[in-house]
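# Structural overview
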Amino acid sequence: MTDFAATKAMFDLPDGMIYLDGNSLGPLPKSAPARLDGMLKDEWGKMLITGWNKAGWMAQPMTIGDRVGAMIGAEAGHVVMGDTLTIKVFQALAAALDLAGDRKVILSDNGNFPTDLYMAQGLLNTLDRGHELRIVDPEDVADAINDDVAVMMLTEVDYRTGRMHDMAALTKKAHDHGVLTVWDLAHSAGAIPVNVAGAGADFAVGCSYKYLNGGPGAPAFIYVAPRHAEHIKPALSGWLGHAAPFAFDLDYRPGHGIERMRVGTPPVLQMTALVCALDIWDMADMADVRARSMELTDLFVELVEEKCPQLTLASPRDATQRGSQLSFRFEQGYAAMQALIARGVIGDFRMPDVMRFGFTPLYIDANDVRQAVDIMADIMNNDLWDRDEYKVRAAVT
Ligand SMILES: Cc1ncc(COP(=O)(O)O)c(C=O)c1O
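All of the points below concern the structure found in this document. (Residues numbered from 1 in each chain as written. Predicted model: local features only at pLDDT ≥ 70, side-chain atom pairs only at ≥ 80, totals over all residues. Heavy atoms only, no water.)

Next up on the list: the sheet that holds strand 2 (residues 79–81). As summarised here, the arrangement of the seven strands in space is 2-8-7-6-5-3-4, forming an open sheet in which the pairing is mixed. Looking at which strands have only one partner, the edges of the open sheet turn out to be strand 2 and strand 4 (132–136). Shown here is a sheet whose adjacent strand axes are inclined to one another by a mean of 20°, direction ignored. Strands in contact with helix 5 (residues 85–99) are strand 3 (105–109), strand 5 (149–155), strand 6 (180–184), strand 7 (203–207) and strand 8 (220–224); relative to strand 7, the strand with the most contacts, it is inclined by about 175°. (Pairing = 2+ DSSP bridges. Helix = DSSP H or I, 4+ residues; strand = E, 2+ residues; numbered from the N terminus. Axes fitted to C-alpha atoms, helices over the stretch in contact; angles between N-to-C directions. Contact = heavy atoms within 4.5 Å.)

Okay, here's the thing in structure tokens:
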């Protein structure tokens, strides 16, 4: 059984803050400042360029990739870290389309994160081979899978509502029709049990700054199923994805398997921070995390509906149908969220009227949930959100 009091003690959470935004950016592991300080002084400072070999910097994308891979049910040696998720979406989709041959349709849904759709649009413009991006409602995806579709590209857990697709069932249906799958796990990795190998996913991508707690700018990850790894053609054929980067050949030759999805120099400082977070994840069992997350989200829904009737649940009511976040609609949701933040309850806001809260059992417990709802009830029932200062939109909401 995971000791959640012990995991909570490993994070540096500001006094008086209830942090319900780990679905956007996880908090700082207490071990990170000293570890980064050591890395800066002992590795960068003393080893300088020799750190790439001596401190294992160059191997980190694969060694850390395996640790993240274990959290998403990937076979060892089939996940690599690097770049941002947006870039990884592009790489996965480009490789999948290349494998798909003559088929021309990319199937996605309007619950997908916009960057995934934008990258698809940009890729299709660049290819200019008559592809179509077909965007349907999330509940219509299964019916839209047919023999015309080349690639189904979906985000498993909806970033706004937490609604969850059935990855195994949709992947199976896709494969029955010869369709390749690209899964975005941004709101899944560290939030729910994921089994990319078990589901038979062809490609999966995700980030490490949300539930994995790797810090702002932490690297993304990409998974390619072993059956494809030696066949895919990297669209971003960077030198560190080359079979022999330090041969400095003039022509590109893809590296072994997933290594070809590396692009350029890895973010070593970010990966040092991520290791601190993964060490905490080593103390946790994902089944316990999921069970606790469902308890916390159910409790939040129950208390909010009892104490804040102004808010309408926008997430699935059934905990098994959602990830580890909850959304509520309220017309003045932006101002209400600013009022909450001013009182130390941190969530975020998504257009047009969604107040979003993430539940992360590694450092959030039932007491936090009860306190957060009490503060929210005070704000909602006394209209404390109705102040000009709470209505001014910041660049990041
Ligand atoms: C589902 C999903 N995909 C992609 C992205 C974009 O990731 P990045 O900005 O790291 O490229 C996000 C960012 O929040 C996301 O939630």
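Close contact between helix 13 (residues 333–342) and helix 14 (residues 366–381) brings their axes to 10 Å; oriented N to C, the two are set at 130°. The pairing of helix 13 with helix 14 is recorded here as oblique in orientation. The crossing of helix 13 and helix 14 is right-handed. Residues A336, A339 and L340 of helix 13 touch helix 14, and the partners they reach there are I375, M376, I379 and M380. For the contact of helix 13 with helix 14, a count of residues per class yields seven nonpolar, no polar and no charged. (Parallel < 35°, antiparallel > 145°, perpendicular 65-115°, else oblique. Left-handed = near helix turned anticlockwise from the far one by under 90°. Nonpolar A, V, L, I, M, F, W, Y, C, P; charged D, E, K, R; others polar.)

The next thing to look at is the packing of helix 4 (residues 60–71) against helix 11 (residues 268–281). To characterise two packed helices, one gives the angle between the axes of the helices and the distance between these axes. Look at helix 4 against helix 11: their axes get within 11 Å of each other, and the N-to-C directions meet at 30°. On the basis of the axis angle, helix 4 is roughly parallel to helix 11. The hand of the helix 4/helix 11 crossing is left-handed. On helix 11, the residues that touch Q60, P61, I64, R67, V68 and M71 of helix 4 are V268, M271, T272, L274, V275, L278, D279 and W281. When its residues are assigned to classes, the contact of helix 4 with helix 11 shows 10 nonpolar, two polar and two charged.

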